[in-house]
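Survey of secondary and tertiary structure
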Amino acid sequence: MSSKKDMSDKFNDLSDLPIAFDSSKYITCPYDKVHRLLPQRLANHLTRCSRNHPSSKLVRCPFNSTHLLKKNELIPHLSTCESSSVYTNFQFPDKLPESSTASEDIVPSKEDWDAEPPAPTYKPISHPEDDFILRNLQGAQPAERRIFRAMERKRFNEHKNKFSK
Ligand SMILES: [Zn+2]
Ligand SMILES: [Zn+2]
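Since the structure is predicted, the reported quantities are computational estimates derived from the model, not experimental observations.

On to the overall build of the chain, then. Helix and strand counts for the chain stand at eight helices and four strands. When the helices and strands of the chain are listed from N to C terminus, the series reads α-β-β-α-β-β-α-α-α-α-α-α. Buried positions account for 6% of the 165 residues belonging to the chain. Pairs at least 24 apart in sequence give 16% of the contacts found in the chain among residues at least 6 apart.

Let us now look at helix α2 (residues 39–52). Side chains that are three or four residues apart share a direction in an α-helix, a result of its 3.6 residues per turn. Relative to the 20 Å expected for 14 residues at 1.5 Å per residue, α2 spans 20 Å between its end C-alpha atoms, a close match to the ideal helical length. Restricting attention to buried positions, one finds in α2 the residues Leu42, His45, Leu46 and Cys49.

Here we come to the nonpolar core. Most often, soluble globular proteins have nonpolar side chains that are buried together. Formed by Leu37, Leu42, Leu46, Cys49 and Leu68, the largest nonpolar core amounts to five residues. Sorting elements by how many residues they give to this core places α2 first, with three residues.

Another point: the environment of His35. Note on placement: His35 falls in the loop between β1 (27–28) and β2 (36–37). With 10 residues separating them in the primary sequence, His35 and His45 have C-alpha atoms 9.3 Å apart.

Here, UniProt's "domain: CHHC U11-48K-type" (unreviewed entry) annotation points to residues 26–53 and 58–85. Secondary structure content for residues 26–53 is 50% helix and 14% strand, while the C-alpha to C-alpha distance between its ends is 21 Å. Helix makes up 46% of residues 58–85 and strand 14%. Its end C-alpha atoms lie 22 Å apart.

This next bit is on the confidence of the model for the chain. The predicted model of the chain has a mean per-residue pLDDT of 72, with 51% of residues at 70 or higher. The low-confidence segment residues 99–103, where pLDDT is below 50, has one contact with residues more than four positions distant or belonging to other chains.

Reading the values: rules and limits
- Residues numbered from 1 in each chain as written.
- Chains lettered and ligands numbered in written order.
- Predicted model: local features only at pLDDT ≥ 70, side-chain atom pairs only at ≥ 80, totals over all residues.
- Helix = DSSP H or I, 4+ residues; strand = E, 2+ residues; numbered from the N terminus.
- Buried ≥ 20, exposed ≤ 12 C-beta atoms within 10 Å, placed from the backbone.
- Contact = placed C-beta atoms within 7 Å.
- Expected span 1.5 Å × (residues − 1).
- Core = buried A, V, L, I, M, F, W, Y, C linked by C-beta atoms within 7 Å.
- UniProt positions renumbered as here; feature names shortened; annotations may be inferred.
- pLDDT = per-residue confidence, 0-100.

Okay, structure coming up:
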């Protein structure tokens, strides 16, 4: 079990250490005190390291998977976990005070838009005859549709002739 892989894991962790070792920047692996790593490497490391400690009784904080604690430490941790607020904001983004402030900030800029001359309403180019015919076609059978279409076309032509006279 103490294979090549374990050794390479250890080597990778040690290679993270800078020449001037600043211990305050490093955190200790909850599985093994010997493992010291940068916070951004912890999540990755824990995934690998947990395999080497299958009998570990450590439980993961629901707010942050890199928080590993003894079972009896979890409840006190939850009330102080700095990730819990992030998690709450993520779950309930509406409750973020920042988001309502942000939308209020957008409103004044609308005045600039109003100062612009109103753009003409976009009118898609369509065939008036098709508009007329397609009005009542929904749900019709193909055969019915063909007859209906012929009838409507005839009616439309009559309608058009009436107004063009
Ligand atoms: Zn470790
Ligand atoms: Zn936590």
